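What the coordinates show
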Amino acid sequence: MAAIYSGIPLKLKCPQTPWEDKLKLARFAWISTQCLLPNKEQVLLDWCTHALTGWYNQKVVFSQNVLEGLWFYLDDLLHSTKLHSLVKQGKTITLRLNMAQLLLERLQEFICAHTKSPVGLSTVLSVCQGLLSSPVLSSVFITKYELMVDLLAKLCSVACHKLQQPVLTEPTMAEAAYQENVTTESLQTLHSNLDSSQIEMIIESSSDQLELEAKKSPKSKGNRSANLFDVLLQVLSCYLSVQRQQANSNRVFTMVINHLIQTLVVLRHLLTSGDCATVHTQLDLHQQLCKDIRVKIDTVLQLALFPPEHLNSYKEELLPGKEDSGKRGAGGAKGPLKPVIAIISKLDAQGYCQPSLHYPVKSITLSLLFKFFLESYRKGRGDGEEAHRMLCFYFFTRLALALDVAVDGHCLTSAKADQSVSVTRGQKPPPNLFSPENWCLALLTVESLLSQALSADIYNVAADRIRHEEVQLNFYRALGKMLLNQAQPSIPAWYRCLKVLLTLNHLILEPSLDQLLSSVWINSECMDSRVQRARQLVVCSLFQTYTRLRQLPRLFSELLSVICEPSLDHNRPPLLSDSISASLRTCLLDTPPSQGLEVCTLVLESIKGSILPELVREEMEMEIDGGTHGIGMANELQHREDASLKLFSLCQLLQVVLFSLKTLDHTSSLPIIRQSKCLMEEVQHVVKDLLHLLKNENKTVKTNTNSVPKTPRKGKKKVNLKESESVSESKIGAPWEHKTQEAALLLQYTWVEVDTLFSTHCSKYLPLDSAQTTANKTECCAPSLTNIDNIISGEIFPEHLQASCSPMSSLLLKHLALQQMKKVFLDTPSLLEPTSAAVLSRATKFILAESKFRTSPDREQVWDGQIGSVNAGTYLVSHWYLITSNLPLITPYMNGDDVDFLAGSIVSSVLNMQSGGGKHSLSGLTVSGISSQLLQSPVFAELPSLFSATVRFLTQKIIGVLKAAHVPKVCPLRFQFTETGVGKKSFERDTSQLLNIVDKTTIVEDILTSLKTSEVAVLLSDTQREEIINFVQILTQLNQDGINSEDLSEIFLLLFFTLTSTSSQSDQTAADPPGSGSDVVFLVKLIRILNRLLEGRNFHSVLKHIHGGTLLQAAMSSLLRRSNNVRHQTKCSPDWLDLIKAVQTFISCSVQLIIVRNSSVRLNLDQFGTYLTSKEVTSGQVVAQRSEAVSGKADVGASISSVHLLLASLTTFSQTMSSNLGRSKPMDQTLRQMLIRMTASLGPAVEWILKAQTLSQTGIQPPSILGQAFVVEVVTVMLQCELSTLSVEEENNQKNPKLTHMGLYQSFCQQILKEISSAQRPMDFLLSSLHFLSIFYKAVKKVEGENKQGEETKGGKEIDELYMQMVQRVHRLLTVSWLSSNNVCELEPAVEELLQRLVEKSTTDQFNLMLLTINKHLASGPLVTGNYREVLSAVVLIKLLSCCQLPEPCSKALWLFIPQILSAMVFLMRWSSQDVSLTLPFTIPTVMSMTTLLRQGEGLIANPHHVILAIGGLHFVPLDRLTPSVYQSAFLSVHEALFAIIQCHPQVMLKAAPSFLNVFHRLLTSIMQEGRQRGDGNTGPESDVYLECSRLIERMYSHITTTAESFTTLSAFMVAHYVTELQKVTLRPDIKMHLTEGIYRILDLCMERDIKFLTAGLHMGVREVFNELYSSYTHYHKAQRQGEDKYTV
């Protein structure tokens, strides 16, 4: 055989052999196992690489196809599994060194745009991937660091090229065609060059090898191309390992700086930028791959640029006094000469990326470099820490200077020109660095640098001032000055930069505080939402900073000076937004009262010193001019308007400050009271000055208007125009007058409210009105009443301002009137004045008066709650808020028309919201939102007149809908709707009389008529039903207990009439109504509101008009009639099931009310029971026959719907009566007789339903809408009713009482036992089935107990069989796979109830049999086979069994058996802990079951060893590497087990304390590991899990201290364990707080000798942690505890 292949090596070396044949022979030689060549793999690799290098060196010539074939062949060799297996076996295979250079040259071809490579990029990348995948083959690169750097640089350049040019050419067709035909062509060539016999042997021997090699190859022929970025990640990983192995850090730094840094940062930017997202998708570059590449790039840069060896180099360059030290001595540090200059010069250089990318790449990289620098060089110990801080600061300054922005008035680019060492001449100048885009980037970078500096704590204010001549402060000040001088208020990052500077040190920006306030707050005009949020954060930060410094007056002094400065051409934005006002209020609460009053004084002084003189001066100038000169008039008006705007801003600011101060009280000091009194007097003087100014202005305008002289005819037209403007302004007032009026009103309202508040809470404060009262004793009425009259009449302002009152002035006048009303209420003499009631009524009408400021009804306005934002659009909301928030004050003084109008407004606004016209606003107040909240508030029910008016308005609205509806001629209405003035202004009716809206007698007659005739009285359209639903939803929001008897009777009877006597028009006209679904929804909502009204405390008044039995009968009759018209689908609809539940609730509430009321109980119940049990209704067959008689075809859906409703009614009726047994003997007799009748009716109905379900299962009838759970519930209630009747038979001494339908119950029980676990069932069926089994077993035991004679043996066997059958079926149910853990928890109460029924009268033999059945399944065998549910079922059953009330013999048997159960559970936990996937479904439930056994075994588990055994089982619960939800469950289960032990078995703790602490310390260690600081992962729901666990640890520490006698000797070891674990991690502050509070309680147990022991025995690092802990304990906790003990008896 060797002779056959002996020609192949010779032909490969022969120059005469064509290259095509050589390539085919080489491929065949590689894949053939019969070609035995010495060192074949190395020979073929050498031949291929030699051929490729020869072609590229132009030493050999062959075609393009051969070149591609050689590359493919080399790729196949490098990816061959055969080659890799040989390398793993230790065979030496190497590549030539020129192969690395060959690959680098090919990559260079793809970088250069002017060259075109004859080979595809994917092929070269695939070769690189195959080469680097083997450590042996990759040695061609990794043995020479320069080659690895070159490879990484070229691959990064190719990646950048691809990312910037998304449209790429596809691979040549030759790459795909070559591989498909290579084998066939190879065999054809061999056929031409070899003998025929040789060819046959080659084909026979190699055909199988070709297929096998193709299968083994990891690279399929159709997927040859390698992903560029996958290869790049592989190269980065290889390079990183090579870089770490380099001993010379200077060499690495130089290579990275010269060859890699520029390409790496550009690539990182392109991978991060969102602009390249589409390119990433086209290149199949997923997010995780981008992240991995970025992480590798960051690691390369950090390790290369900032190694520990270069720390001294950075110090010599950056720190002052070392940068010009010359050459290093022999002992000097080795490193690059000036690393910072080298890095920045590379980033400043031009040409390594597109011009548009240069500044973004540079700015982002600078922030990244600072992050790396801090991570590498920030940490230092002792005295070196301060040096490291300064080093980081100087590096920060260099990076900030590299951003090319101007600081200290000069551009930093020129400042660092002297430091630049590698700036190439002839380079093009950089683009415009101060474009908006570059400004945004520069500010983002400055923000990032400042934030990192703040987080790293490199600025120590004291050290900088004492030892460094405030170098940091000066630089930050220069930076802040640059930011303010070159303000960019449209960029959010600009605000954030200022905020960080303020956080670093307030002194940085304090010299320019006025400029800061002007740029950031007062004159900031950008209204973008992001800018507004950033701006508000800066302002709030200013307030908080100066509040902490106790320098808030200093801040306000600068603020007021900025406000009083001449404004710019544009109007200033609103001074106080919602968030700024809230922050100011919070800060003022933390400010000393004296400083708050000082701030108010400053504002008043600004008003008096800057604003008022300007207004008065301009007024005097106009008086001097006399109005004769038009020149300068416009400027003077503009100045006045500007001054009035400033005045209003200052008054608004003063209002917020005064309302936010702490009020005076009886504990206030006299100086504060005097200062407050002086302040209030000053405010009063300012108000008087403003009012005097406005009144004098009115006189001046009149005088100037009358004294206008005659003008020549030539200028007559122009002067007449000015005269008309002057006259119009004199009539309606100038804009500045309106603004001044608003300011005066706001200031007066503020003064009145604050003065009243001070006088109310502080007896030492004398209100200013008291002096006026004393001086004017001869006045006929109180000052407050006089003030109210003045406000209402408008005498406080000139006439020309009264007619044109602005929205804000109108609102403030109403506020003033309301405040004066409050003063009257507080002053008893004023309230007793004869005219007080009339004045208060006029004031109420003034407050309620409608305004001319109305908005469009289609768009509801939103108000932010700020008085400064009230305008024509938001006035309606602010006015409505004023009214609704003061209803308890003004409602007693409203007349009937006002109350009715207010009720109509409330309902109309809520209806507007329901119809979509208004929506709840999360960011502000709306009229509809205010009204909706008012209806739901408890205060509304305390306003009886308004509450009643609202109910009556709703009643009137419903009547209006019914009046507009169609009334059939066959059934005319007897009652007529009376017209009233509800919701309208009717001044003619007597408001003292309440007219009834409806005649309740006639409406009851109509209900009874509909009941007798089964005809409807009103037909409602869909729109009308929707209107009624809207009214019902509003009524649902009201408190039903607040409705008085009369209103409740009217609204209930009206809604009940709607239920019983109305129908849908579509139901009467269409044979198959499409809207039946909406009809059901209408019924559901209608019955739910009736149920709600039924629960009202005044509902007894309704029963005076209609009997309860009639009520139930009418409702049932109407519903049965409607159910025949409703067409349901074959399956249950949710709306229909909701209707059934609502009807059941209605029947239950009505019957309960009848029984509790105890009036004509037998009559009412007998009436409804007789109706339900009547043959024509009960028989489902009769209903079907009716339908069949009408339509000629039986309507099964209609009959089933009726029977469903009927059965639900019968069941609820019977269940309610059964639950009321035991009230009294006469009542019980009546109820039992009714139950016997109901049982007799339920039997045939249930049998009919079961027969219908059987037919539906066989396919004879369509499926029933009745669910299995419903049928089971009906049979259960039927069984309960029969059990109740057995007591009656016992009282009558009847022998052998039996259940009438015992056969039905037995067959039903067997069917349930058969089906309960056979297939997946709904949860409601399972719960109802378990409940039925409980009741059935109780019935069987009861009947069997009464019939002991004759059949004792036979009956006992049947009960025993039923007993074990139920136990086995329940066990099997809990093992099914379709029950989740939550489903099992939901079933546990029902299973416990069944077990309780089984064991309450169980014999010892039965109980022992149950225990043996459960114990049989407590084995680890099923766990090993993966069937953990079988074991879990037994665990759950034993837990529930321990909670049952057992007979004495059974209880003894159980607790004698429990130790064996505990041992089995511990063994099971040990097994399950080996599989983490079983933690949640098995281990945790087992721990919880064991906890239940420990709780129930309090005083019953006598041996302490069994409790200690249970503690040992807790060691096996996994607590590591769990998801937060699973961890929380595991943690909680172990904690609850420990808590059960320490609470229920305290006597065991003396022996079990060490084991207990071992488990507890597992919990402590795990929460310390999970609760350590994780950067951004410290927030969110997962974070709350660990916080809750830390609270449980604190709780357990407190429980341990309650059993101090068990842990006194171990307290020192607990503290030692805590500090040892604490020393290993850095905890989150919130978690550490709880753990610290817990360990403080253990330190309370420690004696002095324990503290000495800990101080001496702990290691150095742990000892420092303990000393810090003990110091805080002594300072905070111990001192507080001793103070509490001092006052403890």
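Residues numbered from 1 in each chain as written. Predicted model: local features only at pLDDT ≥ 70, side-chain atom pairs only at ≥ 80, totals over all residues. Heavy atoms only, no water.

1. Focus on the overall build of the chain
For the chain, the helix and strand inventory stands at 76 helices and four strands. For the chain, buried positions account for 53% of its 1689 residues. A sequence separation of at least 24 residues applies to 80% of the contacts in the chain between residues at least 6 apart. Roughly 77,000 Å² of accessible area belongs to the chain as shown, and the carbon and sulfur atoms make up 53% of that amount. (Helix = DSSP H or I, 4+ residues; strand = E, 2+ residues; numbered from the N terminus. Buried < 20%, exposed > 50% of the residue type's maximum accessible area, 1.4 Å probe, protein only. Contact = heavy atoms within 4.5 Å. Areas by Shrake-Rupley, 256 points an atom, 1.4 Å probe, with all protein chains shown as cover.)

2. What about a nonpolar patch on the surface?
Among the surface-exposed residues, Val 1424, Phe 1467 and Trp 1471 lie close enough to one another that they form a single nonpolar patch of about 290 Å² accessible area. Here Trp 1471 shows up in helix 66 (residues 1448–1472). For Trp 1471, a relative accessible area of 33% gives the class partly exposed. (Patch = residues over 30% accessible without salt bridge, like charges linked within 9 Å, V, L, I, M, F, W, Y side chains within 5 Å. Salt bridge = Lys/Arg side-chain N within 4 Å of Asp/Glu carboxyl O.)

3. Comments concerning the pattern of salt bridges
According to the stated counting rule, one finds 37 salt bridges in the structure shown. Between Asp 642 and Lys 646 there is a salt bridge, with its nearest N and O atoms 3.3 Å apart. Placement of both Asp 642 and Lys 646 in helix 31 (residues 633–660) is noted, with a separation of four residues, approximately one turn of the helix. Residue Asp 642 is classed as buried on the basis of its relative accessible area, which comes to 15%. The exposure class assigned to Lys 646 is buried, which follows from its relative accessible area of 4%. Here Lys 845 makes a salt bridge to Asp 898, at a shortest N to O gap of 3.2 Å. Taken together, the residues Lys 845 in helix 40 (residues 836–848) and Asp 898 in helix 43 (residues 896–914) connect sequence positions 53 residues apart. Judged by its relative accessible area of 9%, Asp 898 falls in the buried class. Within the structure, one salt-bridge network assembled from shared partners comprises Arg 378, Glu 385, Arg 389 and Asp 457.

4. Details of the packing of helix 46 (residues 1000–1013) against helix 48 (residues 1045–1061)
One can describe the packing of helix 46 onto helix 48 by two numbers: an axis separation of 10 Å at closest approach and a directional angle of 25°. Classified by the interaxial angle, the pair formed by helix 46 and helix 48 is roughly parallel. Judged by the twist between their axes, the crossing of helix 46 over helix 48 is left-handed. Every residue of helix 48 that contacts helix 46 at Lys 1000, Ile 1003, Val 1004, Asp 1006, Ile 1007 and Ser 1010 is listed here: Glu 1046, Ser 1049, Glu 1050, Leu 1053, Leu 1054, Phe 1056, Phe 1057, Thr 1060 and Ser 1061. (Axes fitted to C-alpha atoms, helices over the stretch in contact; angles between N-to-C directions. Parallel < 35°, antiparallel > 145°, perpendicular 65-115°, else oblique. Left-handed = near helix turned anticlockwise from the far one by under 90°.)

5. Description of helix 24 (residues 471–485)
What sets the pattern is the α-helix's 3.6 residues per turn: residues three or four places apart point alike. Here helix 24 spans 21 Å end to end across 15 residues, near enough to the 21 Å set by a 1.5 Å rise per residue. Looking only at helix 24, the buried set comprises Gln 472, Leu 473, Phe 475, Tyr 476, Ala 478, Leu 479, Gly 480, Met 482, Leu 483 and Leu 484. (Expected span 1.5 Å × (residues − 1).)

6. Description of the packing of helix 22 (residues 436–456) against helix 25 (residues 492–504)
In the contact formed by helix 22 and helix 25, the axes pass within 9 Å of each other and the chain directions differ by 25°. If you check the angle between helix 22 and helix 25, you find them roughly parallel. Helix-helix and strand crossings are classified by hand; for helix 22 and helix 25 the assignment is left-handed. Every residue of helix 25 that contacts helix 22 at Leu 443, Leu 444, Val 446, Glu 447, Leu 450, Ser 451 and Leu 454 is listed here: Ala 493, Trp 494, Arg 496, Cys 497, Val 500, Leu 501, Thr 503 and Leu 504. In terms of residue class, the contact of helix 22 with helix 25 is built from eleven nonpolar, two polar and two charged. (Nonpolar A, V, L, I, M, F, W, Y, C, P; charged D, E, K, R; others polar.)

7. Notes on helix 75 (residues 1648–1657)
Restricting attention to buried positions, one finds in helix 75 the residues Asp 1650, Ile 1651 and Leu 1654. One face of helix 75 carries all of its buried residues, which in axial projection span an arc of 100°. For helix 75, exposure combined with an orientation more than 90 degrees from the buried face picks out Glu 1648, Arg 1649, Lys 1652, Ala 1656 and Gly 1657. (Arc of directions from axis to C-beta.)

8. Digging into a negative patch on the surface
Taken together, Glu 1358, Asp 1360, Glu 1361 and Asp 1405 make up a surface patch of like negative charges. Among the elements that make up the negative patch, the one with the highest residue count is helix 61 (residues 1352–1375) (three residues). Here Glu 1358 is to be found in helix 61. The exposure class assigned to Glu 1358 is partly exposed, which follows from its relative accessible area of 44%. (Lys, Arg positive; Asp, Glu negative; His and termini not counted. Charge placed at Lys NZ, Arg CZ, Asp CG, Glu CD.)

9. Remarks on the packing of aromatic side chains
Under the defined criterion, the tally for this structure stands at 45 aromatic pairs. On the numbers, 6.0 Å between centres and 85° between planes, the contact of Phe 659 with Tyr 749 is edge-to-face. With Phe 659 in helix 31 and Tyr 749 in helix 34 (residues 735–761), this pair connects stretches of sequence that are 90 residues apart. With centroids separated by 5.1 Å and ring planes inclined at 85°, the aromatic side chains of Phe 1168 and Phe 1213 adopt a geometry described as edge-to-face. Placement of Phe 1168 in helix 53 (residues 1161–1173) and of Phe 1213 in helix 56 (residues 1196–1219) is noted, with a sequence separation of 45 residues between them. (Phe/Tyr/Trp six-rings, centres within 6.5 Å; stacked < 30°, edge-to-face > 60°.)

10. Observations regarding the nonpolar core
Generally speaking, nonpolar side chains in soluble globular proteins are found buried as a group. Formed by 522 residues in total, the largest nonpolar core has its most connected members in Trp 71, Phe 141, Leu 305, Tyr 314 and Tyr 476. Aside from chain neighbours lying at most four places away, what touches Tyr 314 is Phe 253, Leu 305, Phe 306, Leu 319, Pro 339, Val 340, Ile 343, Phe 373, Tyr 377 and Leu 391. (Core = buried A, V, L, I, M, F, W, Y, C linked by side-chain atoms within 4.5 Å.)

11. Brief notes about the side chain of Ser 138
Mapped onto the elements of the fold, Ser 138 is located in the loop between helix 8 (121–132) and helix 9 (139–142). In this view, Ser 138 contacts Leu 131 and Leu 132; residues no more than four positions away in its chain are not counted.

12. Describing the environment of Gln 675
Secondary-structure assignment places Gln 675 in helix 32 (residues 670–706). With a relative accessible area of 30%, Gln 675 lands in the partly exposed category. Sequence separation of Gln 675 and Ser 594 is 81 residues, and the distance between their C-alpha atoms is 8.1 Å.

13. As for the environment of Ser 660
Mapped onto the elements, Ser 660 comes out in helix 31. In this structure the C-alpha to C-alpha distance between Ser 660 and Leu 588, which are 72 residues apart in sequence, comes to 6.2 Å. Looking at Ser 660, its side chain comes within polar contact range of the main-chain oxygen of Val 656, at 2.6 Å. (Polar contact = N/O pair within 3.5 Å; in protein donor to acceptor, adjacent residues only side chain to side chain.)

14. Remarks on unusual backbone geometry
At Arg 550, a residue that is not glycine, the phi angle is positive and equals roughly 60°. As for its placement among the helices and strands, Arg 550 is situated in the loop between helix 27 (529–548) and helix 28 (552–563). Positive phi is not limited to glycine here, since Ser 1160 has a value of about 55°. Secondary-structure assignment places Ser 1160 in the loop between helix 52 (1134–1157) and helix 53. When its relative accessible area of 41% is taken as the criterion, Ser 1160 is described as partly exposed.

15. Re the confidence of the model for the chain
For residues with low pLDDT, the predicted coordinates do not support detailed interpretation. Looking at the chain, pLDDT values average 79 and 78% of them are 70 or higher. Low pLDDT (under 50) marks residues 409–433, which in the prediction has 30 contacts with non-local residues, meaning those over four places away or in another chain. Contacts from residues 773–780, a stretch scored under 50 in pLDDT, to residues over four places away or in other chains number three contacts. (pLDDT = per-residue confidence, 0-100.)

16. Re the environment of Cys 353
Mapped onto the fold, Cys 353 is located in the loop between helix 18 (339–348) and helix 19 (355–377). Put simply, Cys 353 and Leu 267 are 86 residues apart on the chain and 9.9 Å apart in space, counted from C-alpha to C-alpha. For Cys 353, the contacting residues outside a window of four places in its chain are Val 266 and His 358.

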